[in-house]
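Breakdown of the fold
In case you want the letters, here they are:
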Amino acid sequence: MSRRFLSIGECMVELSQAGDGLLRKGFAGDTFNTAWYVRACLGPDWSVDYFTALGDDAMSDEMVAFIDKAGIGTSLIRRIRGRTPGLYMINLKDGERSFSYWRDSAAARSLAADPDRLREAVESAEVVYFSGITLAILPHEDAETLLAEVRRAKAAGKLVVFDPNIRPRLWSSYDIMHTTISEGARSSMLVMPSFDDEAAHFGDDSIEATIHRYRALGAVHIVVKNGAEGVTLNFAGEQTFVPAEKVEKVVDTTSAGDSFNGAFLARYLEAGDAPAAARFAAKVAARVVSEHGALVVREKLGLDGG
């Protein structure tokens with residue numbers, strides 16, 4: 001029986017610039033993007049599944065078909081009558097992106113509203129991945145339900161992985177954001193923050209401060225991403241720095257962190273070597289930011305050479 005990687009969150013309809021005033025439709029979202037790159041980089045002895053909620057409309061059907069075609073399991077996705085997916089549009093300038101969102105009534109906001117279904121999904125997996133965005137889109141009581149389930153998973157010895165992915169405008173207040181993000185980290189074995197977010201929103205003045213704060217919350221392993229400056233790993237107290245890969249031309253940073261997370265986790269699950277996994281993930285992320293869009297097909301990731 002294959003082992004299961006479970007990613008929990010929201011996949012949205014993505015609109016990106018296609019030139020001449022036209023828009024290109026796709027599907028993406030932080031935890032789905034990570035699942036995409038886990039699937040691209042992880043061997044066939046692992047299944048990769050996505051847990052979310054969608055509607056019963058044609059766009060939800062199309063999204064499920066897209067996820068399934070990518071080799072990512074869809075059997076755990078909750079379908080809610082009368083609801084629809086969220087939507088966002090990417091605006092790009094010099095490779096940097098900004099977003100416009102339409103997600104307030106998205107079905108994914110109810111992904112944890114069925115506690116039994118959520119527990120069944122989490123119990124079926126060896127690895128559980130979620131993010132600060134996953135928590136931010138949920139009503140407070142549903143966020144508490146999700147946190148309770150990932151705490152159970154951590155206590156049961158599962159690898160629970162959390163990317164804080166801090167987006168202040170998704171939260172009703174800074175206090176709620178700080179408290180809930182901290183609880184997400186407390187519920188996890190491995191935390192994968194981005195230093196610029198942590199510095200801006202938690203006031204960390206150094207990567208060491210970020211590592212210390214998350215270790216104090218109970219995270220055993222921490223991977224701090226710092227863009228072109230590289231990655232700092234602290235695994236059970238042992239610290240390593242891995243430089244970023246040089247990129248000749250940055251085209252689109254939409255999925256830089258998500259692709260790094262997915263490639264890192266895939267290689268770490270197979271080999272158990274965190275520094276080697278980070279070096280591999282840096283190469284994958286460099287390929288991803290050299291292409292357009294959040295989801296780069298496996299053939300363009302340069303995986304055959306390891």
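For clarity, every value in this text was computed on a predicted model and none was experimentally measured.

Moving on to the nonpolar core. Nonpolar side chains tend to gather and get buried jointly when the protein is soluble and globular. One finds Phe 5, Leu 190, Val 223, Leu 233, Phe 260 and Phe 264 to be the most contacted residues of the largest nonpolar core, which totals 57 residues. The residues contacting Phe 264, other than those within four sequence positions of it, are Leu 190, Met 192, Val 223, Leu 233, Phe 235, Ala 274, Ala 277, Ala 278 and Ala 281. If you look at the next biggest cluster of nonpolar residues, it comprises 43 residues, including Ala 107, Leu 111, Ile 133 and Phe 162.

Residue placement: His 221 occurs in strand S12 (residues 221-225). Within the structure, the side chain of His 221 is placed 3.3 Å from the backbone nitrogen of Ala 236, a separation counted as a polar contact. Leaving out residues up to four positions away in the same chain, His 221 has contacts with Met 189, Leu 190, Val 191, Asn 234, Phe 235, Ala 236 and Tyr 268.

Another point: helix H8 (residues 207-216). Given 3.6 residues to a turn, an α-helix orients residues that are three or four positions apart in the same direction. Within H8, burial applies to Ile 207, Thr 210, Ile 211, Arg 213 and Tyr 214. Along the long axis of H8, the arc covered by the buried residues comes to 165°, so they all point the same way. Among the exposed residues of H8, those pointing more than 90 degrees away from its buried face are His 212 and Ala 216. Close packing links the buried residues of H8 with helix H6 (174-186), strand S11 (190-191), helix H7 (195-202), S12, strand S13 (231-235) and strand S14 (238-242). After H8 finishes, the residue Gly 218 shows a positive phi value of roughly 115°.

Moving on, we get to the packing of H7 against H8. Running from amino to carboxyl end, H7 crosses H8 at an angle of 80°, the nearest separation of the two axes being 10 Å. Taken together, H7 and H8 sit at an angle that is classed as roughly perpendicular. On H8, the residues touching Phe 195, Glu 198 and Phe 202 of H7 are Ile 207, Thr 210, Arg 213 and Tyr 214. The class makeup of the residues in the contact of H7 with H8 is four nonpolar, one polar and two charged.

Two strands pair when backbone bridges link them, and S13 and S14 are joined in this way by five bridges, in the antiparallel orientation. Among the inter-strand pairings, Val 231 is bridged to a residue of S14, identified as Val 242. Once S13 ends, the chain turns through two residues before running back antiparallel as S14, passing Ala 236 with a positive phi of about 55°.

A word on the side chain of Asn 234. Its location among the elements puts Asn 234 in strand S13. For Asn 234, the side chain forms a polar contact with the side chain of Gln 239, separated by 2.9 Å. When neighbours within four sequence positions are excluded, Asn 234 is seen to be in contact with Ile 211, Arg 215, Val 220, His 221, Ile 222 and Gln 239.

This paragraph deals with the environment of Ala 70. Along the polypeptide, Ala 70 turns up in the loop between helix H2 (58-69) and strand S6 (78-79). Relative accessible area serves as the criterion here: at 25%, Ala 70 is assigned to the partly exposed category. Taking the C-alpha atoms as reference, Ala 70 lies 8.7 Å from Ala 40; in sequence the two are 30 residues apart. Excluding residues that lie within four positions of it along the chain, Ala 70 makes contacts with Trp 36 and Arg 39.

Another point: the sheet that holds strand S4 (residues 46-51). Here we have eight strands laid out as an open sheet, ordered S4-S1-S9-S10-S11-S12-S13-S14, and mixed in their pairing. Looking at which strands have only one partner, the edges of the open sheet turn out to be S4 and S14. Sheet analysis places S11 next to S12, joined by two bridges and oriented parallel. Residue Val 191 lies in a different strand from S12, and its bridge partner there is Ile 222.

A word on the environment of Val 64. Looking at where Val 64 falls in the secondary structure, it is placed in helix H2. Look at Val 64 and you get buried, because its relative accessible area is 16%. Sequence separation between Val 64 and Glu 248 is 184 residues; the distance between their C-alpha atoms is 35 Å. Ignoring anything within four residues of it in the chain, the contact list for Val 64 reads Leu 54, Thr 74, Ile 77 and Arg 79.

Rules of the game
Residues numbered from 1 in each chain as written. Predicted model: local features only at pLDDT ≥ 70, side-chain atom pairs only at ≥ 80, totals over all residues. Heavy atoms only, no water. Core = buried A, V, L, I, M, F, W, Y, C linked by side-chain atoms within 4.5 Å. Buried < 20%, exposed > 50% of the residue type's maximum accessible area, 1.4 Å probe, protein only. Contact = heavy atoms within 4.5 Å. Helix = DSSP H or I, 4+ residues; strand = E, 2+ residues; numbered from the N terminus. Polar contact = N/O pair within 3.5 Å; in protein donor to acceptor, adjacent residues only side chain to side chain. Arc of directions from axis to C-beta. Axes fitted to C-alpha atoms, helices over the stretch in contact; angles between N-to-C directions. Parallel < 35°, antiparallel > 145°, perpendicular 65-115°, else oblique. Nonpolar A, V, L, I, M, F, W, Y, C, P; charged D, E, K, R; others polar. Pairing = 2+ DSSP bridges.

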